[in-house]
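Geometric and topological summary
This is what each chain is made of:
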Amino acid sequence: MSAVHDLPRPRGQAAAAPGPAAPRPTSSANDQEHLLDRLSVLARYRRIAFAIFALTAGSIVLQGYSKVAMYQAQARLLIEDERSTAMPGITSSENTYWQDPEPYYNTQYRILRGRDLTRRVVKRLNLASVPEFNGSVAEPLSLGQFVRQIGRKAIGLVKPPPPVTAEPPRPDETADESALVGAFVGRVQVAPVVGSRLVDVYFQSTQPQFATDAVNALVDEYVTQNLEVKLQSTQNMLDWLGKELADQQRKVEDSERGLAEYRDKQNAMSLDDKNNIVLARLTALNDALLKARTTRIEKDAVYSQVKAVTDLSAAESIPVVAQNAQIQTLKLRLADLQRQKAQLGERYGDRHPEIVKVNASLADAQRQLDLETNKALQSVKNEYERAALEERTLSSNLDDAKADVQDLSRKSVAYNVMEREARSNRTVYEALLQREKELRVSSNSRSNNVRVIDHAEVPGGPISPAGRNAWLMAILVGLAAAISVAYGLDYMNDTVKTPEDVTKHLKTTFLGLVPAVRGNEDPILGSSQSPHEFGEAFRSLRTTLNARYGNSGTKTMLVTSAQPLEGKTTTACNIALALAYGGARVLLVDADMRRPGLHRPLRLTNERGLSQVLSGQARVRDVLQRTVEPNLLAMTAGQPPPNPSELLASERMKTLLTNFLHGPFDWIVIDTPPVLAVTDSVVLAPLVAGVTFVVGAEMTRRRLALRAIDTIQSSQPKQIGVVLNRVDLARNKYYYSRYHGQQYKNYYAEAV
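Just so you know, these numbers come straight off a predicted model, no measurement behind them. (Residues numbered from 1 in each chain as written. Predicted model: local features only at pLDDT ≥ 70, side-chain atom pairs only at ≥ 80, totals over all residues. Heavy atoms only, no water.)

What follows is about the packing of aromatic side chains. Working definition: an aromatic ring pair is given by the centre-to-centre distance plus the angle between the planes. Per the counting criterion, the structure on display carries 6 aromatic pairs. For the ring pair Phe133 and Phe210, a centre distance of 5.7 Å and an interplane angle of 50° mean the geometry is tilted. Taken together, the residues span a long stretch of sequence, with Phe133 in helix H5 (residues 131-134) and Phe210 in helix H8 (residues 208-265) at a distance of 77 residues. No difference in accessibility class separates Phe133 from Phe210, as the two residues are buried. Within the aromatic cluster, the residues linked to one another by ring pairs are Phe133, Phe184, Phe203 and Phe210. (Phe/Tyr/Trp six-rings, centres within 6.5 Å; stacked < 30°, edge-to-face > 60°. Helix = DSSP H or I, 4+ residues; strand = E, 2+ residues; numbered from the N terminus. Buried < 20%, exposed > 50% of the residue type's maximum accessible area, 1.4 Å probe, protein only.)

With that settled, consider the pairing of strand S10 (residues 667-671). Of all 5 residues in S10, 5 are buried; the element is thus mostly enclosed. Pairing analysis gives 5 bridges linking strand S6 (residues 555-561) to S10, with the strands arranged parallel. Within S10, the residue paired with Lys555 across the bridge is Trp667. Sheet topology note: the strand S7 (residues 586-590)/S10 ladder contains 5 bridges and is parallel. Within S10, the position partnered with Asp590 by the bridge is Asp671. (Pairing = 2+ DSSP bridges.)

Moving on, we get to the confidence of the model for the protein. Summary statistics for the protein give a mean pLDDT of 79 and a share of 79% for residues scoring 70 or more. Mean pLDDT across the secondary structure elements of the protein bottoms out at helix H25 (residues 745-751), with 47, and peaks at S10, with 95. Taken as a whole, residues 1-24 scores under 50 in pLDDT and shows 54 contacts with residues more than four places along the chain or in a different chain. Taken as a whole, residues 747-752 scores under 50 in pLDDT and shows 3 contacts with residues more than four places along the chain or in a different chain. (pLDDT = per-residue confidence, 0-100. Contact = heavy atoms within 4.5 Å.)

Turning our attention to a nonpolar patch on the surface. A cluster of nonpolar side chains, namely Leu472, Met473, Leu476 and Val477, defines an oily patch on the protein surface of about 340 Å² accessible area. Relative to the helices and strands, Val477 is located in helix H13 (residues 468-492). A relative accessible area of 31% means that Val477 is categorised as partly exposed. (Patch = residues over 30% accessible without salt bridge, like charges linked within 9 Å, V, L, I, M, F, W, Y side chains within 5 Å. Areas by Shrake-Rupley, 256 points an atom, 1.4 Å probe, with all protein chains shown as cover. Salt bridge = Lys/Arg side-chain N within 4 Å of Asp/Glu carboxyl O.)

Another point: the sheet that holds S10. Here we have 8 strands laid out as an open sheet, ordered S5-S12-S11-S6-S10-S7-S9-S8, and mixed in their pairing. Of all the strands in the sheet, the pair left with one neighbour each is strand S5 (509-515) and strand S8 (624-626). In this sheet, adjacent strand axes meet at a mean angle of 25° when their direction is disregarded. Here helix H16 (residues 568-581) sits on the sheet in contact with S6, S7, strand S9 (632-635), S10, strand S11 (690-696) and strand S12 (720-727), set at roughly 170° to S10. (Axes fitted to C-alpha atoms, helices over the stretch in contact; angles between N-to-C directions.)

Another point: the packing of helix H4 (residues 115-125) against H8. At a closest axis distance of 9 Å, the pairing of H4 and H8 adopts a crossing angle of 125°. In terms of orientation, H4 and H8 fall into the oblique class. The hand of the H4/H8 crossing is right-handed. From H4, Asp116, Leu117, Arg120, Val121, Arg124 and Leu125 reach across to H8, where they touch Phe210, Asp213, Ala214, Ala217, Leu218, Asp220, Glu221, Tyr222, Thr224, Gln225 and Glu228. (Parallel < 35°, antiparallel > 145°, perpendicular 65-115°, else oblique. Left-handed = near helix turned anticlockwise from the far one by under 90°.)

What follows concerns the sheet that holds strand S2 (residues 188-192). On the basis of which strands lie adjacent, the open sheet formed by 4 strands has the order S2-S3-S1-S4 and antiparallel pairing. Across the chains shown, the open sheet's two edge strands, defined by having one partner strand only, are S2 and strand S4 (450-454). The average angle at which neighbouring strand axes cross in this sheet is 30°, direction not considered. Taken together, the 5 bridges between S2 and strand S3 (residues 198-205) define a ladder with antiparallel strand orientation. In the sheet register, Gln189 faces S3, and the bridge partner there is Tyr202. Its contacts with the sheet put H8 on strand S1 (71-79), S2, S3 and S4, and the angle it makes with S1 is roughly 20°.

For helix H3 (residues 101-112), built from 12 residues, the straight-helix expectation of 16 Å at 1.5 Å per residue is met to within 8% by its first-to-last C-alpha distance of 17 Å. Residues Tyr104, Tyr105, Gln108, Tyr109 and Leu112 constitute the buried set of H3. The arc that holds the buried residues of H3, viewed along the axis, is 140°, so those residues lie on one side. In the core, the buried residues of H3 are packed alongside S1, H4, S2, S3 and H8. (Expected span 1.5 Å × (residues − 1). Arc of directions from axis to C-beta.)

What follows deals with the packing of helix H15 (residues 532-549) against H16. With their axes 9 Å apart at the nearest point, H15 and H16 run at an angle of 75° to one another. It follows from the interaxial angle that H15 and H16 lie roughly perpendicular. Two secondary-structure elements touch here, H15 through Phe534, Phe538, Leu541, Arg542, Leu545 and Asn546 and H16 through Thr571, Asn574, Ile575, Ala578, Leu579 and Tyr581. Classifying every residue of the contact of H15 with H16 gives 8 nonpolar, 3 polar and 1 charged. (Nonpolar A, V, L, I, M, F, W, Y, C, P; charged D, E, K, R; others polar.)

Structurally, Ser361 can be placed in helix H12 (residues 353-445). A relative accessible area of 22% places Ser361 in the partly exposed class. Remark: the alpha-carbon pair of Ser361 and Gln338, spanning 23 residues in sequence, is separated by 9.5 Å.

This part covers the environment of Met653. In this fold, Met653 is placed in helix H21 (residues 651-661). Taking the relative accessible area as the measure of exposure, Met653 reaches 1% and is therefore buried. A sequence separation of 39 residues divides Met653 from Leu614, and the C-alpha atoms of the two residues are 6.5 Å apart. Every residue in contact with Met653, bar those within four places of it in the chain, is listed here: Leu610, Leu614, Leu647, Leu648 and Leu684.

What follows concerns the environment of Ala537. Relative to the helices and strands, Ala537 resides in helix H15. Counting along the chain gives 24 residues from Ala537 to Leu513, while the straight-line C-alpha distance between them is 6.7 Å. Not counting residues within four places of it along the chain, the set of residues in contact with Ala537 comprises Leu513, Val514 and Pro515.

Now for the nonpolar core. Leu610, Phe660 and Phe693 are the most contacted members of the largest nonpolar core, which totals 47 residues. With residues near it in sequence (within four places) discarded, Phe693 still touches Thr560, Ser561, Ala562, Val675, Ala705, Ala708, Ile709, Ile712, Ile720, Gly721, Val722 and Val723. (Core = buried A, V, L, I, M, F, W, Y, C linked by side-chain atoms within 4.5 Å.)

What follows concerns H16. Between the first and last C-alpha of H16 there are 20 Å, a value that for 14 residues agrees with the 20 Å anticipated at 1.5 Å per step. The buried fraction of H16 is high, at 13 of 14 residues. After H16 finishes, the residue Gly583 shows a positive phi value of roughly 100°.

Going through the model one piece at a time under the given rule, you end up with 21 salt bridges. One salt bridge in this structure joins Arg120 and Glu221, with 3.0 Å as the shortest N-O distance. Note that Arg120 is positioned in helix H4 and Glu221 in helix H8, a separation of 101 residues in sequence. Looking at Glu221, the relative accessible area reads 13%, which means it is buried. We note a salt bridge from Arg296 to Glu391, for which the minimum N-O separation is 2.5 Å. Taken together, the positions of Arg296 in helix H9 (residues 277-307) and Glu391 in helix H12 put the pair 95 residues apart, joining distant regions of the chain. Taking the relative accessible area as the measure of exposure, Arg296 reaches 22% and is therefore partly exposed. Using a relative accessible area of 11% as the deciding quantity, one classes Glu391 as buried. One salt-bridge network, held together by shared partners, links Arg120, Arg124, Asp220, Glu221 and Glu228.

The following block contains the structure:
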């Protein structure tokens, strides 16, 4: 391997120092998608999009011209909640509690398309005489119907359809009438107006006037039927209430009559709370006894003082005696007479007539005082005895009243049961009576919560597009379908297609793109079959590599891909040729010892090569081969060894690369196997100055390419760049024009 040093080395070259692993680039503001990028998707799928547009637009136009013109009439209803018809001040079950309005409105929508209502409309319109429904006019077959019939017949040949059973007619309608009802219902559409209680009703027909008459008849019959149902429901309720009121009235009379008879039989009028004399007597006697007992206690206290008196003179200390007006008057008279006696005694003797007269008056006054005192004391005794007698009498009467109350309580047990039943019967009777009166008032008002807001007018034109409208609809729908298919295909196509995919999804530096050469799977620079833009692509790639790797020292570069058939070997050959054409001395090494292919495009032999050098069977100078370009030498892979990965990871390989760095070459380009197939590229990646990752345009899926790059990154290479290979510029020139400058190709080709 020392033979490498025998080659002359250009002046000023030095070994390339290994640097740190290059970080992945991030998307900048320049990588943002432009409107032209989105429009280029349409250009890329222009053939498919045009086919979809032509098929869709043509089908719609044919359908529009072959389809029978249908007219649609619209009427508008206002459907309010049933509580809206409740009269103020009248309580009913509809306005006493909250209920979810959605089930009610959904029910009304079903009624509008129900068979009962439709049967009324059919009879009103005499639908059996309308040619559109009685089958007297054959309906022309449109393109869409024809296609559907063909499809059903084709499917029927493979899988017979299940037997279709027609809806059986109602007991009150014939088979013909049932068919008419079904046909009419199929033309009706009900659409509630969002955010309101308005409902739009549509009907379709081939005759505009009949469509108007039909939808107007439908909404009118609906309003009439709704009112009839309400009135009939109210009348049924009134009939039922009439019977219940009669029965309930009889129950009330029987129960109240039973109460009266029970009171008469038990001789207990006081069982009625309004005539409860026994309880009132007990209450009065109890109050009187309490009052008599209080009076007796007071009289007893006074009488006790009287009994303690021993003589009349001591009786004056008793308040009752002292406060007696007669006694007080006699005391004043006695005191006045004693004063007169004292005055007369100063002038006369004891026998003087005046003295005798005064003494007689004193004796008479004293006698009257004693008499009045005795009367007062006797009255205290009498009052006490009378109070005690009254207390005993009231106590005896109270005991009798208690006995009467207990007897009345025993009788009231059965009476209370009968009274509760009578009260309950009367409450039910009054409630039924009030409900009957409210229903009669509501029935007489004939209020309806449904009314027609707008009757239908004769439609001015068909709903299906025709003429210019059909063309316009076809163009719009065709464009929408074509654009949707194009962007759908682009979304599902997750292959790497553009440099933006490289920088945005793979997060790797983009080096350049190589156009595809039709008719030649392995195009080589300088050959007559390689077009001008192919050579310019590699010259541009050469400029990018020189700028990235610098101009001093020997640069080693590894070329690999994610999977086979992406053109990595051809790319490695052309990169080496482009560098050699630029004046650099290049060594191209085929390190793909499993499936060697470098010798084929360069028309070299593969008898001996890298495998023999690494296994010690040959020297470097013996396996180097010259190519058509003097500045390019090549080392093929040689015969496939049994252990290629071990050879590439050996010390011999590291020594060989070190010797190459000190040899006469400016570039060492190494072609390695795909990353996802084997680990040879991962082994060599840290030993070189950079890795060039070849991605086949529109053939390598992003997740595979990303996994391959992550695998290489795990070995910490110094830098990685991506070459987008086999770009079909002829088929997708608008798609890649902003990256390749397609508009200037002819200009410079003619100049050359």
